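Each chain, written out:
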Amino acid sequence: MDPTCSGAPSLPARQQHLRNRPCQAGGCRPREARGRGFTLIELIVVMAIVALLTSIVAPRYFHSLQKSKETALLQSLTTMRDALDQFAADKGRYPESLLELAAARYIRDVPEDPLTGSRETWVELPPPTDMQAAGRVWDVRSGAAGRSADGRLYADW
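Residues numbered from 1 in each chain as written. Predicted model: local features only at pLDDT ≥ 70, side-chain atom pairs only at ≥ 80, totals over all residues. Heavy atoms only, no water.

1. Concerning the packing of aromatic side chains
The following threshold applies: Between 30 and 60 degrees the pair is tilted, below 30 it is stacked and above 60 it is edge-to-face, where a pair is any two Phe, Tyr or Trp rings, Trp via its six-membered ring, whose centres lie within 6.5 Å. Runs of E in the DSSP output that reach at least two residues are strands. Runs of H or I that reach at least four are helices, and both are numbered from the N terminus.
Under the counting rule described, the total for this entry stands at three aromatic pairs. Both rings, one in Phe-87 and one in Tyr-106, keep their centres 5.3 Å apart while their planes meet at 70 degrees; by these two values the pair is edge-to-face. Linking Phe-87 in helix α2 (residues 40–91) with Tyr-106 in the loop between α3 (98–103) and β1 (123–125), this pair joins segments that are 19 residues apart in sequence.

2. Some details on the pattern of salt bridges
Let me state the cut-off plainly: Each reported salt bridge corresponds to a side-chain nitrogen of Lys or Arg within 4 Å of a carboxyl oxygen of Asp or Glu. Categorising residues by exposure relies on relative accessible area from a 1.4 Å probe, with only protein chains included: less than 20% of the type maximum marks a residue as buried, more than 50% marks it as exposed, and the intermediate range marks it as partly exposed.
Inspection of the entire model under this criterion finds five salt bridges. The partner of Asp-109 in a salt bridge is Arg-119, with the nearest N and O atoms 4.0 Å apart. Here Asp-109 is found in the loop between α3 and β1, whereas its partner Arg-119 is found in the loop between α3 and β1, with ten residues between them in sequence. Accessibility expressed as a relative area gives 46% for Asp-109, which makes it partly exposed. You can call Arg-119 partly exposed: its relative accessible area is 41%. In this structure, Asp-139 and Arg-141 form a salt bridge, with 3.7 Å as the shortest nitrogen-oxygen distance. Judged by relative accessible area, which is 12%, Asp-139 ranks as buried. One connected set of salt bridges, linked through shared partners, spans Arg-81, Asp-139 and Arg-141.

3. Topic: the environment of Gly-92
Tracing the chain through its elements places Gly-92 in the loop between α2 and α3. Measuring from C-alpha to C-alpha, the distance between Gly-92 and Gly-135 comes to 9.5 Å, with 43 residues separating the pair along the chain.

4. Observations regarding the nonpolar core
Just so we agree on the cut-off: Nonpolar cores were defined as sets of buried Ala, Val, Leu, Ile, Met, Phe, Trp, Tyr and Cys residues, with membership established by side-chain atoms within 4.5 Å.
Of all hydrophobic cores here, the largest spans 17 residues; its most connected members are Leu-73, Leu-77, Met-80, Leu-98, Leu-101, Trp-122 and Val-140. Only α2 and α3 provide two or more residues apiece to this core. Counting residues per element, this core draws most heavily on α2, at six residues.

So, in structure tokens, the structure goes:
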């Protein structure tokens, strides 16, 4: 048995022992001196796998995010159009603005356009001239630019 491995040698003797001859199976080496961690190759392989998985998942995530915004837009348009029709049936005229529709409690509040992120971008369409209806808001459309996944313009919804 090596005298430096048994007991607690003085610091210079222990350093000299580690420099000259390492103990078998790492018995004398302090815990900090042992080789722990990953090699560079292992880290590169893991990063390549993560990058590959991200490149597969990211487009699907953004596609589903856009699809959910389109679904929310359709729901908002349907709700506001139903409220416009109910307002016209009750009052005999169309509202002057979407804010009047909300003030009359046909909708709780003017919804946010999910594609633009604003309540101010809704396009309010007046009634057709041949309809002879009072009021300024007969229909509502999104003010978002661009096309949906099926190729239709958002402004035509």
